[in-house]
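# Tertiary structure, described
Below are the chains, spelled out letter by letter.
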Amino acid sequence: MAALIARRCALTTVKRCFFRAPAATMASGGGIPEYYEHSTGVEKTELDLLKKGEKDPFNLDLKRVPMGTKEKPIEVTSSFTKRIIGCICEEEQTHINWMWLHEGNAQRCGSCGSYYKLVKIDPLLGGHGGGH
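Computed from a predicted structure; not experimentally measured.

Reading guide: rules and limits
- Residues numbered from 1 in each chain as written.
- Predicted model: local features only at pLDDT ≥ 70, side-chain atom pairs only at ≥ 80, totals over all residues.
- Heavy atoms only, no water.
- UniProt positions renumbered as here; feature names shortened; annotations may be inferred.
- 1 Å grid on protein atoms, 1.4 Å probe; cavity = no way out; pocket = protein on both sides within 12 Å on 5 of 7 lines; lining within 4 Å.
- Helix = DSSP H or I, 4+ residues; strand = E, 2+ residues; numbered from the N terminus.
- Contact = heavy atoms within 4.5 Å.
- Disulfide = S-S within 2.5 Å.
- Salt bridge = Lys/Arg side-chain N within 4 Å of Asp/Glu carboxyl O.
- Buried < 20%, exposed > 50% of the residue type's maximum accessible area, 1.4 Å probe, protein only.

A word on the UniProt feature "binding site: Zn(2+)" (unreviewed entry) in the chain. The feature "binding site: Zn(2+)" (unreviewed entry), as annotated in UniProt, sits at Cys-87, Cys-89, Cys-109 and Cys-112 in this numbering. The named residues occupy 26 residues along the chain; their greatest pairwise C-alpha distance, 8.6 Å, places them in one compact cluster. As for the annotated residues, the ones lining the largest pocket are Cys-87, Cys-89 and Cys-112. Topologically, Cys-89 is positioned in the loop between strand E2 (82–87) and strand E3 (97–102). The contacts of Cys-89, once residues within four sequence positions are left out, are Asn-97, Cys-109, Ser-111 and Cys-112. Note on placement: Cys-109 falls in the loop between strand E4 (107–108) and strand E5 (115–120).

Below is the structure:
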């Protein structure tokens, strides 16, 4: 008996949907907006830069650079006052030495002695690019 009542309720609901006037949706106005149209802020800036052909707008790719010195440290860009970075001290090393890099003076890797310096940028103003 309960199954019969449930089936009748389901059929009644389906019939109401067919006879009801269709509601206005985004799809009726030309389709569902793309992901790009929904993005804002830093995410939109990243998508704009990728659209222009920038391969790495936030400087996240692995880079092989010469060892940084105290006078000429390896510059790392960030839109924040700190960033976590990884140092692969030796070419055949099987692990990464992670460390927090803070804005201000150059900081030294505790294992190999290479120096790094954080360079603050504002991605919303288009100030991007690598410091290497």
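Moving on, we come to the state of the cysteines. This model, assessed by the stated rule, comprises zero disulfides. Not part of a disulfide, Cys-87 finds its nearest cysteine sulfur in Cys-112, a span of 3.7 Å. The cysteine Cys-89 is free of any disulfide, with Cys-112 supplying the nearest cysteine sulfur at 3.6 Å.

Under the criterion given, the structure shown has one salt bridge. Arg-64 is the salt-bridge partner of Glu-91, the closest N and O atoms lying 3.9 Å from each other. With Glu-91 in the loop between E2 and E3 and Arg-64 in the loop between helix H3 (41–52) and strand E1 (74–78), this residue pair connects regions lying 27 residues apart in the sequence. You'll find Glu-91 and Arg-64 in the same group, each marked exposed.

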